[in-house]
Every structure is written in C-alpha cells, then in structure tokens.
Amino acid sequence: MLKMFKSLFLVLLIVSSVTMSLSVSAATHQYDIEIDESIAVAAVKICFDGKAPDFLTVDSKYANRDLLKLPESQHGLIEIQGRYWKTKYLPNNACLSYRVSIDRHHAKRTKKTANKRKNVAYIESNTWLWLPEAHSKHDDIKLSFKLPKWAAISAPWYQTSLESYEFLVGHQPQDWGYTLLIGDFSQQLYPISPGHYLNIATVRGLANKEEITRWLVDTAQAVERYLGDYPVKQTQVIVIEKTKQKHGPVPWGDFSRGNGFGIRFVIVPSYEIKEFYADWTATHEFSHQLLPKLDYDDIWLSEGLSSYLQYVLMGQAGTLEIDKAWYRIYQGLKRGEKGTENVGEEKLKFAADRRRSGGRAGRTMRIYWSGAAYFLNADLQLRKQSNGKVGLN
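Keep in mind it's a predicted model, so treat the numbers as computed, not measured.

Rules behind the numbers
Residues numbered from 1 in each chain as written. Predicted model: local features only at pLDDT ≥ 70, side-chain atom pairs only at ≥ 80, totals over all residues. Heavy atoms only, no water. Helix = DSSP H or I, 4+ residues; strand = E, 2+ residues; numbered from the N terminus. Polar contact = N/O pair within 3.5 Å; in protein donor to acceptor, adjacent residues only side chain to side chain. Contact = heavy atoms within 4.5 Å. Disulfide = S-S within 2.5 Å. Phe/Tyr/Trp six-rings, centres within 6.5 Å; stacked < 30°, edge-to-face > 60°. Buried < 20%, exposed > 50% of the residue type's maximum accessible area, 1.4 Å probe, protein only. Lys NZ or Arg CZ within 6 Å of the ring centre and 35° of its normal. Core = buried A, V, L, I, M, F, W, Y, C linked by side-chain atoms within 4.5 Å. Pairing = 2+ DSSP bridges. Axes fitted to C-alpha atoms, helices over the stretch in contact; angles between N-to-C directions.

Trainee: Any chance you could explain the side chain of Arg264 here in plain terms?
Mentor: For Arg264, the position within the fold is in strand S19 (residues 262-267). Within the structure, the side chain of Arg264 is placed 3.1 Å from the side chain of Tyr122, a separation counted as a polar contact. Within the structure, the side chain of Arg264 is placed 2.6 Å from the side chain of Asp254, a separation counted as a polar contact. Among all residues touching Arg264, those that are not within four sequence positions of it are Tyr122, Glu124, Thr179, Ile238, Trp252, Gly253 and Asp254.

As structure tokens, this is what we get:
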C-alpha cells in the first residue's frame, strides 16, 4: 500500500511539474536598436515572442513629442494613449517599429569638455524606449544595439556579451530612475568575481584611469568579502570628472535601481589615489545594493545601513585603521544626535518626507545616523546573544 502511495505521489508530482511548465512559458521579446552617426536618432524594432504585452510605456508623459515616426506594425493597429501604447490586440509574434529623437539628451559642451564629449547622449530617465508595462519575472527583454563604430553605451541593464552591446533588461520598474550614456566615452566590464562585473564608464582621457578603476573594483570586492558573495551580477558605474571641486576627491555619488543597478560618482582626478581610498562615498553607495528598494519614508533604513557599513568596510579592507573607523562612526552618530536636536521629537518616517519638501534643518544627519545607530545596536545585540559568533560586521 505504501509503495503504491509513493508511486501515485510521484505521478502527481510529475503531472504538477509539467502543468506548471506549460502554464508559465518564458518569452524573450527582442528589441533591435540602431543609433545614428550623430547620436541623435534611435530606430527601434520590437518583435514579441508569443503574446504581445497589453501596453508598452515610457517614464515620461511628454515622450511622444520626440517621436519622428509613429509606431506601426504590419500585423495590426497600435492605439496611442499618451505615454502608453496599447498593443494588447496584436497577434502572436507581432513586430512593430518606430523612430525617436534623443538629441535633447546630449551633454552640454564647454571649451574644456568639447574634445572629451564629442557626442554623448546623457539620459536620466526613460523617455524614448517603450517597454512592457508589466514585465513578468518569467519573461526576458533582450536589447541589441547597433552603434557608430566610435561609440559606446553604458546602461544599468545586464550586458550579456563582452564583445557586443547586447543586454537583458532588469525586472525592476523603469520609473525607479536610471542613467544611460550613449556616445563617445570609454566603457569596459571589469570582473569582481566569477559571474560578477562592474560596467564602468569614464570620459576619454581621464587622468589616473587605471588607478580609479582599480579603486572601484577594490571597493566592490570589499562588499563581496563582507557578504560572502557580490549581491548582483552586474553594477553600472558612471564616473563624472570635475576639475574644480573643494569637497574632496569624491564630492558626490548616488545609487539607482531602474531596470538594473547603477552608481554615479563625481570625482576630482587631481587628488592622489590614496585620498580616494580614504573617502567613504564609494563604500556607502556600493552598500546600497545590500537592501531592496524601500519606500521614501523608510530611507533611514537603507541610508542607515550604508552609513554604518561605509566605515566598517573600509576598516575590514585595511584602507582605514579599525580605531579610526569606529571613531568616524562615533562622529557620525554625534552629527545625527545634533540633527535630531534641531528638529525635536519627530518620527523618522516624517523626517524623510519633510526633508524632501525642503525642510532639511538637520534632517539629513538625523535620517542617516539614526539608521546607523539602529544597525549598530542590532550588531551589538546579535553579538551578545550569540556569544560573539554572529554580527553585522
């Protein structure tokens, strides 16, 4: 009886697996994109694998103004509803095409940057590439670019080939923000560990380029050693050069998640490389990959973890002495305490929203370092309860 029950269970398991595989059939929608010689026009052809999405969309309600050729398909009609294109009634395996201007995204040129920015489209939100509104985790969107011979592309998407510009679009929503560069700059994939890469873009002629890229790779590997594995397959890194800044070697950085993972750094390359290793900005931004996206009211968690780890990682990597790392954490907590005094008894979730609406008044330090205090306390409690066997660092 038991043997028959096991056989019946096995049959049901096989049937269930087959049914699931039939009901969830992965599709790969193909985008072929050709960029013209002046980096001003994109010709896009989309071919759906099986059923077409109900809608295609972009992250701008004004995107249709840049269309040079409306979307058309030999397989049926496409209904334009603002920034949404209704493709629901196209037949299986249908294709469509359109042409769109990206000229307004060209980076501003000055006398000093004219040679370094011959032609660069700097796109900070998706205003031109219509993607499925609902991107199922079972489906892939493959992008294949044909560029002028002298041009490169930097994107947060996963680059599938070292020899060509072919990408898989991440399943994160496009309106989470991203940066896309197309044009005359240097772009290269750098390995962090097997299967994990940094996709680094720099202006041509960047001073100390090899040292700068080594610093970025070393920072990513510090995150990998801390976690045991690098958290994502590929991170886009854009290095923006500034020659006149008075706020250290890395005066600014930010992290985005739209369709993938991207980090931007503004750097002053005239600083010695040891100053870059002594700066906290890179470890802070790379640490943002350790948590999923949170609501804005809860950024004290994401900024708090990054603020805590920025010095922990530097201490572990040996770029900052351990005693100095803890002292910097202490200084940060004091800044957070002072920021808290400036705003009174205000819940953290309200602090984030009021900061965004213009009421900074110490709230930045309160948000960042109250979150860091939370993770410091969690670290101490873990160590205490596990007799030092478990901790955040």
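Having seen the structure, we can now continue with the description.
Trainee: Explain the state of the cysteines to me, please; I cannot follow it from the model alone.
Mentor: Working definition of a disulfide: a covalent bond connecting the sulfur atoms of two cysteines. Tallying each qualifying case throughout the model produces 1 disulfide. Note that Cys47 is cross-linked by a disulfide to Cys95, the S-S spacing being 2.1 Å. What sets the handedness of the Cys47 and Cys95 disulfide is the S-S torsion sign, and at about 110 degrees it is right-handed. One end of the pair, Cys47, is in strand S2 (residues 41-47); the other, Cys95, is in strand S7 (residues 95-101), and 48 residues separate them in sequence.

Trainee: What's the story with the packing of aromatic side chains in this structure? I'm lost.
Mentor: Evaluation of the coordinates by the stated rule reveals 17 aromatic pairs. Relative to Phe167, the ring of Trp157 has its centre 5.6 Å away and its plane inclined at 70 degrees; by these criteria the two rings are edge-to-face. On the criterion of sequence distance, the pair formed by Trp157 in the loop between strand S11 (152-154) and strand S12 (158-159) and Phe167 in strand S13 (residues 166-168) is long-range, its members being 10 residues apart. Residue Trp157 is classed as buried on the basis of its relative accessible area of 1%. Positioned above the aromatic ring of Tyr158 is the side chain of Lys233, whose terminal nitrogen or guanidinium carbon lies 5.7 Å from the ring centre. When the ring centre of Trp176 is taken as reference, the NZ or CZ atom of Lys293 above it lies at 5.3 Å.

Trainee: In this structure, what is going on with the nonpolar core? I would like to understand it.
Mentor: Most often, soluble globular proteins keep nonpolar side chains buried together rather than apart. Within the largest apolar cluster, 49 residues are counted, with the highest numbers of intra-cluster contacts made by Trp128, Phe145 and Trp157. In this view, Phe145 contacts Ile33, Ile35, Trp128, Ile153, Trp157, Tyr165 and Phe167; residues no more than four positions away in its chain are not counted. Counting 46 residues, the second largest nonpolar core, distinct from the first, contains Ile192, Phe286, Tyr308 and Ala325.

Trainee: Just checking my understanding: could you explain the sheet that holds strand S18 (residues 252-256) for this structure?
Mentor: Within a sheet, each strand pairs with its neighbour through backbone hydrogen bonds, oriented either parallel or antiparallel. Spatially, 5 strands are ordered S15-S16-S17-S19-S18 in an open sheet, and the strand pairing comes out mixed. Looking along the sheet, the strands with just one partner apiece sit at the ends: strand S15 (186-193) and S18. Across the sheet, the mean angle from the axis of one strand to that of its neighbour is 20 degrees, orientation sign disregarded. Examined bridge by bridge, S18 and S19 share 5 bridges and lie antiparallel to one another. Counterpart to Phe255 in the pairing with S19 is Ile263. Contacts between helix H2 (residues 209-227) and the sheet are confined to S15, strand S16 (196-202), strand S17 (234-241) and S19, with S15 contributing the most and set at about 35 degrees to the helix.

Trainee: Looking at this structure, I do not really get the pairing of S7. What am I missing?
Mentor: Along any regular strand, the residues point their side chains to alternate faces of the sheet. Of all 7 residues that make up S7, 5 are buried, and the element is covered over most of its length. Both S2 and S7 contribute to a ladder of 7 bridges, which runs antiparallel. Bridge pairing in S7 places Cys47 opposite Cys95. Sheet topology places strand S4 (residues 67-72) next to S7; 3 bridges connect them, and they run antiparallel. Its bridge partner being in S7, Leu67 is matched across the sheet by Val100.

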